[in-house]
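Observations on the three-dimensional arrangement
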There are 2 protein chains.
Amino acid sequence: MSTPESRTDAGAVYRRYLSAVMLHGHASAKACDLGATDLYALNLLELEGPMTPGVLGARAGLTTGPTTRMIDRLEEAGYVRRVPSPDDRRKVIVEPIGKPVRLDEVMTPAREEIGKILRGYSPEQLDVLFDYFTRAAEAYRQAVDDLRATS
Amino acid sequence: MSTPESRTDAGAVYRRYLSAVMLHGHASAKACDLGATDLYALNLLELEGPMTPGVLGARAGLTTGPTTRMIDRLEEAGYVRRVPSPDDRRKVIVEPIGKPVRLDEVMTPAREEIGKILRGYSPEQLDVLFDYFTRAAEAYRQAVDDLRATS
DNA sequence: TCTAATCTCTTCTTTAAGGAAGAGAAATCT
DNA sequence: AGATTTCTCTTCCTTAAAGAAGAGATTAGA
């Protein structure tokens with residue numbers, strides 16, 4: 001925590017933490033035969049809620065053809081469902097399905113471990129952690145928007 | 001934070017946070033034309049340090065052919081470097097290069113935002129956060145190993 | 001020493017995902 | 001009402017990444 005070269009340097013700790021999170025996400029997805037784009041879309045839906053194929057495809061950086069097929073894959077695998085839009089019959093709404101699927105199953109062990117870790121903290125400490133989770137999520141969400149705007 | 005259906009439910013907050021992290025990682029990689037597997041390998045190297053192509057490929061779930069080409073791509077893009085193994089002249093060691101490349105550049109805005117957030121906490125609160133980062137990284141690392149063992 | 005095993009890399013083939021163009025249905029606008 | 005725009009989806013083509021098989025170099029073992 002002192003010298004820049006130190007193995008416990010704060011920046012390094014944080015980078016390693018992020019790498020671990022990414023790695024676990026990827027590994028879980030791979031274990032479920034979920035491609036990178038599919039996972040990306042799934043995360044988008046989790047984070048921003050149901051949206052139309054058009055929006056989802058645009059966010060994922062896809063043209064309409066691949067978007068349709070990506071949603072097909074997610075739907076067949078049971079992650080999402082297409083529902084007709086109530087106000088515009090051309091539109092479709094893609095919404096994540098709450099019911100447990102393969103991905104949740106695969107992620108369960110890690111979630112339990114994290115749960116164990118979190119239960120080791122006092123309520124005050126948990127407040128700090130969840131405050132951070134909330135703020136960081138918003139920061140990352142914003143950063144993704146900025147990235148989209150740039151490119 | 002009270003009812004299970006609540007929008008601020010702890011589990012939901014955490015899932016949304018993870019989604020945001022994954023999403024940002026993916027978006028950053030995409031902005032640098034880094035494929036999913038390449039990003040995966042890069043995270044592996046960041047987390048576990050230098051390793052041989054054989055190990056890296058196995059960890060990434062690739063056969064030897066694609067492994068070589070993946071390392072070629074990472075090397076050309078300046079993320080890693082191949083160095084000969086000192087004790088076995090058949091082997092090569094792939095190590096991440098510390099110098100800033102496109103990916104770091106793209107991730108800078110988010111890092112600064114996160115830095116700002118972190119600077120808002122007291123030293124005691126930061127201890128809690130970094131304690132969590134360290135433990136969680138280890139938990140995720142372990143979970144990835146378990147996933148590999150299972151499949 | 002000489003054979004077998006190990007490690008990386010090359011080449012060829014296959015597959016999965018994405019782009020382009022356009023069709024069909026429904027909404028919007030004049 | 002008729003024309004135009006907006007959505008989603010389909011089809012065909014292209015491309016990027018992965019598998020398979022094997023070569024070349026080096027180490028380990030009989």
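Throughout what follows, the structure given in this document is the object of discussion. Because the structure is predicted, anything quoted here is derived from the model rather than measured.

**Thoughts on the overall build of chain A**
Within chain A, the secondary structure is distributed over 6 helices and 2 strands. Put simply, chain A runs from its N terminus to its C terminus through helices and strands in the order α-α-α-α-β-β-α-α. Seen through its C-alpha atoms, chain A measures out along the principal axes to roughly 60 × 35 × 30 Å. Contacts in chain A between residues at least 24 apart in sequence constitute 45% of all its contacts with a sequence separation of at least 6. Just so you have it, chain A exposes about 8100 Å², and 53% of that area is on carbon and sulfur atoms. Charge-centre separation for chain A: the mean point of 20 positive side chains lies 4 Å from the mean point of 22 negative side chains.

**Structural notes on helix 1 (residues 10-31) of chain A**
Because an α-helix packs 3.6 residues into every turn, residues spaced three or four apart end up facing the same way. When the terminal C-alpha atoms of helix 1 of chain A are compared, their 31 Å separation across 22 residues agrees well with the 32 Å that a helix rising 1.5 Å per residue should span. With 16 of 22 residues buried, helix 1 of chain A lies mostly within the body of the structure.

**Quick look at helix 3 (residues 53-60) of chain B**
For helix 3 of chain B, the set of buried residues is B:Leu56, B:Gly57, B:Arg59 and B:Ala60. Along the long axis of helix 3 of chain B, the arc covered by the buried residues comes to 165°, so they all point the same way. More than 90 degrees from the buried face of helix 3 of chain B, the exposed residues found are B:Gly54 and B:Ala58. Turning to helix 3 of chain B, the residues buried within the fold contact helix 1 of chain A together with helix 2 (36-48), helix 4 (64-76), strand 2 (92-96) and helix 6 (123-150) of chain B. In the segment just after helix 3 of chain B, B:Gly61 is the residue with positive phi, at about 75°.

**Details of the protein's contact with DNA strand C**
With respect to spatial proximity, 23 residues lie near DNA strand C, and among them A:Thr37, A:Arg69, B:Gly54, B:Thr64 and B:Arg90 are the closest. By atom count, sugar and phosphate contribute 53% of the portion of DNA strand C lying within 4 Å of the protein. Interatomic distance of 3.4 Å between a side-chain N/O atom of B:Arg69 and a base oxygen of DNA strand C. In the environment of DNA strand C, a phosphate oxygen lies 3.0 Å from a nitrogen or oxygen atom belonging to the side chain of B:Arg82. Counting only elements with at least two residues in the surface near DNA strand C, the list comes to helix 4 (64-76) of chain A together with helix 3 and helix 4 of chain B. If you tally residues by element for the surface near DNA strand C, the top one is helix 4 of chain A, at 5 residues. Along the lines of polarity and charge, the residues of the surface near DNA strand C split into 4 nonpolar, 10 polar and 9 charged.

**A closer look at the relation of the copies chain B and chain A**
Mapping chain B onto chain A leaves a residual RMSD of 0.1 Å; the transformation is a rotation of 179° accompanied by 0.0 Å of translation along its axis. Taken together, the turn and the small shift mark the pair as related by a two-fold rotation axis. The share of interface residues of chain B whose copies in chain A are also at the interface is 100%, consistent with both copies meeting through the same surface.

**Quick notes on the packing of aromatic side chains**
Any pair of aromatic rings gets described here by the distance separating the centres and the angle formed by the planes. Considering all chains together, one arrives at 14 aromatic pairs over all chains under this definition. Between B:Phe130 and B:Phe133, the aromatic rings sit 5.2 Å apart at their centres with planes inclined by 80°, giving edge-to-face as the arrangement. Within this pair, B:Phe130 and its partner B:Phe133 are both found in helix 6, separated by 3 residues, close to a single helical turn. On the basis of relative accessible area, B:Phe133 is assigned to the buried category, the value being 0%. Members of the aromatic cluster, connected to one another through ring pairs, are A:Tyr14, A:Tyr17, A:Phe130, A:Tyr132, A:Phe133, B:Tyr14, B:Tyr17, B:Phe130, B:Tyr132 and B:Phe133. Directly above the aromatic system of A:Tyr40 lies the positively charged group of B:Lys30, at a separation of 4.4 Å from the ring centroid.

**Here we look at the interface of chain B and chain A**
Counting residues at the interface gives 51 residues for chain B and 51 residues for chain A. Counting each side, the surface lost to burial between chain B and chain A is near 5600 Å², with a carbon and sulfur contribution of 78%. Three residues stand out in chain B for area buried against chain A, namely B:Tyr17, B:Met22 and B:Leu23, and they jointly supply 12% of the buried area on that side. Counting every contact that joins chain B to chain A gives 2 salt bridges. In this structure, B:Arg15 engages A:Glu46 in a salt bridge whose closest nitrogen and oxygen atoms are separated by 3.3 Å. Taken together, chain B and chain A are joined by 14 residue pairs in polar contact (both at pLDDT 80 or more). Going through the elements one at a time, helix 1 (10-31), helix 2, helix 5 (102-119) and helix 6 of chain B are the ones with two or more residues in the side of chain B that touches chain A. Looking at the side of chain B that touches chain A, the element that brings in the most residues is helix 1 of chain B, giving 19 residues. Counted by class, the side of chain B that touches chain A contains 35 nonpolar, 8 polar and 8 charged residues.

**Things to note about the pattern of salt bridges**
All names here are of chain A. Taken as a whole and assessed by the stated rule, the structure comprises 24 salt bridges over all chains. A salt bridge links Asp88 to Arg90; its shortest N-O distance comes to 2.8 Å. Overall, Asp88 belongs to the buried group, its relative accessible area being 16%. By relative accessible area, which is 72% here, Arg90 ends up exposed. Between Arg141 and Glu138 there is a salt bridge, with its nearest N and O atoms 3.2 Å apart. In this pair, Arg141 and Glu138 are both assigned in helix 6 (residues 123-150), 3 residues apart and thus about one turn of the helix distant. According to the relative accessible area criterion, Arg141 is partly exposed, its value standing at 23%. What emerges from the salt-bridge pattern is a single network uniting Asp72, Glu75 and Arg82.

How each quantity is defined
- Every chain's residues receive numbers from 1 upward, in the order its sequence appears when written.
- Throughout, the order in which chains and ligands are written sets their labels, letters from A for the former and numbers from 1 for the latter.
- Given that the model is predicted, a residue must reach a pLDDT of at least 70 before its local features are reported, and side-chain atom pairs must reach 80 or more before they are shown or counted; all residues, however, enter totals for whole chains, interfaces and linings.
- In computing side-chain properties, one takes all heavy atoms of the structure into account and sets aside hydrogens as well as water.
- Each helix is a run of H or I in the DSSP string that is no shorter than four residues. Each strand is a run of E no shorter than two, and both are numbered from the N terminus.
- What makes two residues a contact is simply this: any of their non-hydrogen atoms within 4.5 Å.
- Surface accessibility in these figures is a Shrake-Rupley result with a 1.4 Å probe; residues are shielded only by whichever protein chains are displayed.
- Charge convention: Lys and Arg are scored as positive, Asp and Glu as negative, and His as well as the terminal groups of each chain are ignored.
- Note on charges: their place is set at NZ of Lys, CZ of Arg, CG of Asp or CD of Glu.
- Expected helix span is taken as 1.5 Å per residue step, with the number of steps being one fewer than the number of residues.
- For every residue, the accessible area obtained with a 1.4 Å probe (protein chains only) is divided by the maximum for its type, and the residue is called buried under 20%, exposed over 50%, and partly exposed between those limits.
- In this description, the arc belongs to the directions extending from the helix axis to the C-beta atoms.
- Residues are classed as near a molecule or strand on a simple rule: at least one heavy atom within 4 Å of it.
- N or O atoms within 3.5 Å of each other form a polar contact, as long as, within protein, one can give a hydrogen and the other can take it, and as long as residues adjacent in sequence are counted only when both atoms are side-chain atoms.
- When residue character is reported, Ala, Val, Leu, Ile, Met, Phe, Trp, Tyr, Cys and Pro are called nonpolar, Asp, Glu, Lys and Arg charged, and the others, Gly included, polar.
- Copy-to-copy superposition: least squares on the C-alpha atoms, limited to residues that have pLDDT of at least 70 in both copies.
- For Phe, Tyr and Trp, rings pair up if their centres lie within 6.5 Å, where Trp contributes its six-membered ring, and each pair is then called stacked (planes under 30 degrees apart), edge-to-face (over 60) or tilted (otherwise).
- Either the NZ atom of lysine or the CZ atom of arginine qualifies as a charge over a ring when it sits within 6 Å of the ring centre and within 35 degrees of the ring normal.
- Joining two parts hides part of their accessible area as seen by a 1.4 Å probe, and the buried area is that hidden amount summed over both.
- Each reported salt bridge corresponds to a side-chain nitrogen of Lys or Arg within 4 Å of a carboxyl oxygen of Asp or Glu.

So far we have only geometry, and geometry alone does not tell us how the molecule works.
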